[in-house]
Amino acid sequence: MKVDVLLGLQWGDEGKGKIVDVLTPEYDIVARFQGGPNAGHTIEFDGKKFILHTIPSGIFNKNTLNIIGNGVIVDPYILIKEIENLKDSNIDVFANLLISKKTHLIVPTHRLLDATYETAKGESKIGSTLKGIGPAYTDKISRNGLRVGDIKNINFFDNLKNLKKKHFRIINLHEFNHKDYLIDGLPYEEYEEKWLQALETIKQIEQIDSEYFINQSIQSGKSILAEGAQGTLLDIDFGSYPFVTSSNTITAGVCSGLGIAPNKIGKVFGIFKAYCTRVGSGPFPTELKDNYGEILRISGNEFGSTTGRPRRCGWLNIPALKYSIMLNGIDRMMMMKADVLSPFDEIKICTKYNYKNREIDYIPYENSPDDITPVYTSLEGWNTEIDKLTSISEAPPELIDYIKFIEKQVDIPIKIVSVGPDRKQTLMR
Ligand code: GDP
Ligand code: IMO
Ligand code: MG
């Protein structure tokens, strides 16, 4: 068997959590390979709603093992909160969750550093989720990080103390007033205490050499799904730098984030919203700053799962979709939130950009709103409620036309159409 991959083709929040949960019964293992608690993956079923930040979205199926891979960064405080939340719904996380010894830790001062850097950037801030992602990956790359497998070492707390000291030197250099800054609503010292308690609890999660575990699972015929976080357009190398996250969110990230060779990658599922959203700063060519954007935000409940921030909304962007398909090697696609477009009589799709007085369908290096303007095609809206559909055969013809138009543009089949947040609101094609 090979490792299938599901990842976002836009700026995150495409609905990855929902579809991983839908596909989970087909897999023995679901594994996260990058990102950290900047992710917020929502799963809804039986009238219940869960938001996962670190735990893979396969956790609701008793028969599926979930792995936090080496490429992920984990904040014990946030992870424990997730575990407790699931425990309240009778889900025994410890029975079905494994973590790589090589997973790096987000320590409390990474959270302060994130806030320090964002404050220093002022107007040009990234709009980070402030979960310590950039600073924790920085320490990993600069070889200063601490890993889950280190927690039991006798010198762990000395190393933690040294790292904290280093971080405070940077924080003080920036004159960041950390005393007035709250981390998840808590002053630093209180947060640190809770973080240290959480560190004890995460010792209960079975630690594995995940690269061996996953490769042995592949060999013994187990089916594995790699669950992406963020989206392709937030990739550290290929996103709109510097307005990106700090990991490789694309298929290539699965190899380094789980320890598998490229020839072990199976099918790659690309997931996108029927329109676009972005939370945080950075270029967004099809953004609607008018009433249409507001309708999308309200109709789609477009507020961040991790931070609650309103998401910026706009029309679907084909050049960006093509770029993401190219980078990831997408075999099939899933189109999410089609129901959100129901209020519109007319729906626009950006098929090209105007760039230096000519039309292009790629993303140029200079892609600020001053450099490129979207060229739109208008399609007729279906203008009717579709969230109660149970089969794609009941779909209005305008929705089918919309799907076929996209398929023709990007030359990849759309195999799932989602018409609501619930597990059941999923139409197979
Ligand atoms: P993820 O980060 O990619 O897992 O996506 P998020 O969970 O952050 O954001 C997707 C949001 O859309 C969540 O609130 C989902 O419950 C919701 N959602 C997913 N699919 C659909 C859909 O087809 N229609 C509607 N209306 N909401 C959906
Ligand atoms: P999921 O997995 C949407 C965005 C932030 C910010 C930029 C950098 O739920 O799709 P970071 O916290 O990494 O320093 O933020 O990336 N961002 C996301 N946007 N969905 C996410 O994850 C995101 N994770 C980070 O808003 O613009
Ligand atoms: Mg999300």
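It should be noted that the structure appears before, not after, this text.
A few points on the structure. This structure is a prediction, so every number in the text was calculated from the model and none was measured.

Section: the environment of isoleucine 406
Part 1 of the argument: Along the chain, isoleucine 406 turns up in helix α12 (residues 397-410).
Part 2 of the argument: The class for isoleucine 406 is buried, based on a relative accessible area of 0%.
Part 3 of the argument: Residues isoleucine 406 and asparagine 317, spaced 89 residues apart in sequence, show a C-alpha to C-alpha distance of 10.0 Å.
Part 4 of the argument: When neighbours within four sequence positions are excluded, isoleucine 406 is seen to be in contact with Phe272, Leu316, Ile318, Leu321, Met333, Met335, Ile349, Asp411 and Ile414.

Comments concerning the coordination of the magnesium ion (ligand 3)
Part 1 of the argument: Within the protein, the atoms that donate to the magnesium ion (ligand 3) are Asp13 (OD) and Gly40 (O), at distances of 2.0 to 2.2 Å. With aspartate 13 in the loop between β1 (3-8) and α1 (16-23) and glycine 40 in the loop between β2 (29-32) and β3 (41-45), the pair connects residues that are 27 residues apart, well separated along the chain.

Describing the site of ligand 1
Part 1 of the argument: Among the 20 residues in the neighbourhood of ligand 1, the closest are listed as Lys16, Thr42, Ser305, Asp339 and Ser418.
Part 2 of the argument: In this structure, aspartate 339 approaches ligand 1 through a side-chain N or O atom, which is 2.7 Å from a nitrogen atom.
Part 3 of the argument: Between an oxygen atom of ligand 1 and a side-chain N or O atom of serine 418, the distance comes to 2.5 Å.
Part 4 of the argument: Taken by itself ligand 1 offers 580 Å² of open surface, and the protein chains cover 94% of this.
Part 5 of the argument: When contributions to the shell around ligand 1 are tallied by element, the ones reaching two or more residues are α1 and β3.
Part 6 of the argument: Residue classes in the shell around ligand 1 are distributed as four nonpolar, eight polar and eight charged.

Some thoughts on the site of ligand 2
Part 1 of the argument: Inspection of the region around ligand 2 gives 21 residues, with Asp13, Lys16, His41, Thr129 and Thr245 positioned closest.
Part 2 of the argument: Taking aspartate 13, its main chain carries an N or O atom lying 2.7 Å from an oxygen atom of ligand 2.
Part 3 of the argument: Between ligand 2 and the protein, one listed contact pairs an oxygen atom with a backbone N or O atom of glutamine 230 at 2.8 Å.
Part 4 of the argument: Look at ligand 2: alone it shows 550 Å² of surface, and the protein chains cover 98% of it.

Quick notes on the rules
Residues numbered from 1 in each chain as written. Chains lettered and ligands numbered in written order. Predicted model: local features only at pLDDT ≥ 70, side-chain atom pairs only at ≥ 80, totals over all residues. Heavy atoms only, no water. Helix = DSSP H or I, 4+ residues; strand = E, 2+ residues; numbered from the N terminus. Buried < 20%, exposed > 50% of the residue type's maximum accessible area, 1.4 Å probe, protein only. Contact = heavy atoms within 4.5 Å. Donors = N, O, S within 2.8 Å, 3.2 Å for Na, K, Ca; no water. Near = heavy atom within 4 Å. Polar contact = N/O pair within 3.5 Å; in protein donor to acceptor, adjacent residues only side chain to side chain. Areas by Shrake-Rupley, 256 points an atom, 1.4 Å probe, with all protein chains shown as cover. Nonpolar A, V, L, I, M, F, W, Y, C, P; charged D, E, K, R; others polar.

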